[in-house]
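Structural overview for review
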Amino acid sequence: MRIMLVNVVTAVHAPHAVFLPAAWESLRRQSHGDWGWLVQIDGPADAVLRALADCGAARDDRVDVAANGTGEGPAVTRNVALGRAEAELVQNADADDELEPDALALLAGALAGRPRAGFAVGHARDLLPGGALRRRELPLGAGTLPRGALLDAWSTGGEDGYRLPVHPAGVMWRRSLLLALGGWSALHGMEDTGLLMAASATAEGVLVDAPTLRYRKHPGQLSARRDDFAGGGLQIELVRQRAAVLRTLPGWAGPAVIAHCAG
């Protein structure tokens, strides 16, 4: 099986610079060695650059750092990094999270074995403040995720409350699918959810039966903050309406079909 280069995309702003050494260490211990880290700085760069220099990441040729120059939020920042990516596979890794040691190997291997799958995802474990890891059970079984499966399993109300079938922050993507969908969605606090549901409506994926993401729980994480944004329900409706339209269209062709058409 061909070893595939993976571009790991990390959007980071100054308050999360403190977590970068742990994110870097999680990359250094990956069993899949063919990766490059695209760090995209959102807003002031000094704290992030110091953190990367102090942990040694800045001296590694696999690390490529760039800055927006302005504060634009996670979706724009990830998309700017996506524009710099050249690998066939793109792994999202938030600055305050960590990848499990076999994450890149497992996810890249799953995609290599399923050429029609546009994305791969594994289990996420909560990384608690004391260092303990807490696994959450998923409502789906491992293996191929048929087109629309994640969308159908996404609960946004009723007795089940709000529940995502997989963690959207730890997905590995085929870059061609990311480009077809326009990258991460312009949504408040659910830019990765909007992308994942659009992807599910467009292509099949694969769920790996192993933990691949350590999702850090801390007071400063964006998902834990309360704000005055009143459009959450309307955003969910937008995501669902978009997905409904995408499901009526021809599905994503997959890299083999795309290559054949291009030839």
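Note that the coordinates shown come from a computational prediction; the quantities given were computed from them, not determined experimentally. Within each chain, residue numbers correspond to sequence positions counted from 1 in written order. Only residues with pLDDT of at least 70 get local features here, since the model is predicted, and only at 80 or more are side-chain atom pairs given and counted; chain-wide, interface and lining totals rely on the full set of residues. Each side-chain value is derived from all of the structure's non-hydrogen atoms; neither hydrogens nor water enter the calculation.

1. So, the pattern of salt bridges
The term salt bridge refers to a pairing of a side-chain nitrogen on Lys or Arg with a carboxyl oxygen on Asp or Glu at a separation within 4 Å. The final tally for this structure, using the stated rule, is 14 salt bridges. The residue aspartate 209 makes a salt bridge to arginine 135 at a minimum N-O spacing of 3.8 Å. With aspartate 209 in strand 12 (residues 204–216) and arginine 135 in strand 7 (residues 133–135), this residue pair connects regions lying 74 residues apart in the sequence. Residue burial is assigned from relative accessible area. The probe radius is 1.4 Å, only protein chains are included, and a residue is buried under 20% of its type maximum, exposed over 50%, and partly exposed in between. Under the relative-accessibility criterion, arginine 135 is labelled partly exposed at 37%. Aspartate 152 is the partner of arginine 247 in a salt bridge, and the nearest nitrogen-oxygen pair spans 2.9 Å. Here the residue arginine 247 occupies a position in helix 8 (residues 232–247), and aspartate 152 occupies one in helix 5 (residues 149–153), the gap between them amounting to 95 residues. Numbering of helices and strands runs from the N terminus; a helix is a DSSP stretch of H or I covering at least four residues, while a strand is a stretch of E covering at least two.

2. So, the nonpolar core
In this text, buried Ala, Val, Leu, Ile, Met, Phe, Trp, Tyr and Cys residues form a nonpolar core when linked through side-chain atoms within 4.5 Å. One finds Val8, Leu20, Trp37, Leu104 and Met172 to be the most contacted residues of the largest nonpolar core, which totals 39 residues. Sorting the residues of this core by element identifies strand 1 (6–12), helix 1 (20–28), strand 2 (35–41), helix 2 (46–55), helix 4 (103–113), strand 6 (117–127) and strand 12 as the ones contributing at least two each. It is helix 4 that provides the largest number of residues to this core, a total of six residues. In contact with leucine 20, other than residues within four places in its own chain, are Thr10, Val12, Trp37, Val48, Ala51, Leu52 and Ala95. Contacts between residues were defined by any pair of non-hydrogen atoms, one from each residue, lying within 4.5 Å.

3. Digging into the packing of helix 7 (residues 191–202) against helix 8
Packed helix pairs are specified by the crossing angle of their axes together with the interaxial distance, meaning the distance between the axes. Direction vectors running N to C along helix 7 and helix 8 enclose 20 degrees, while the axes themselves pass 8 Å from each other. Looking at the two axes, helix 7 sits roughly parallel to helix 8. Considering only the axes of helix 7 and helix 8, their crossing is right-handed. Every residue of helix 8 that contacts helix 7 at Gly194, Met197, Ala198, Ala201 and Thr202 is listed here: Val239, Arg242, Ala243, Leu246 and Arg247. Only the stretch in contact is used when fitting a helix axis, every axis being a line fitted to C-alpha atoms; angles between N-to-C directions are given from 0 to 180 degrees. For classification purposes, an angle smaller than 35 degrees is called roughly parallel, one larger than 145 roughly antiparallel, one from 65 to 115 roughly perpendicular, and anything else oblique. Crossings are classed by handedness, with left-handed meaning an anticlockwise turn of the near helix from the far one by less than a right angle and right-handed meaning a clockwise turn.

4. Regarding helix 7
By definition here, a helix of n residues has an expected span of 1.5 Å times n minus one. For helix 7, spanning twelve residues, the distance from its first C-alpha to its last is 17 Å, which sits close to the expected 16 Å at 1.5 Å a residue. For helix 7, the full list of buried residues reads Glu191, Asp192, Thr193, Gly194, Leu195, Leu196, Met197, Ala198, Ala199, Ser200, Ala201 and Thr202.

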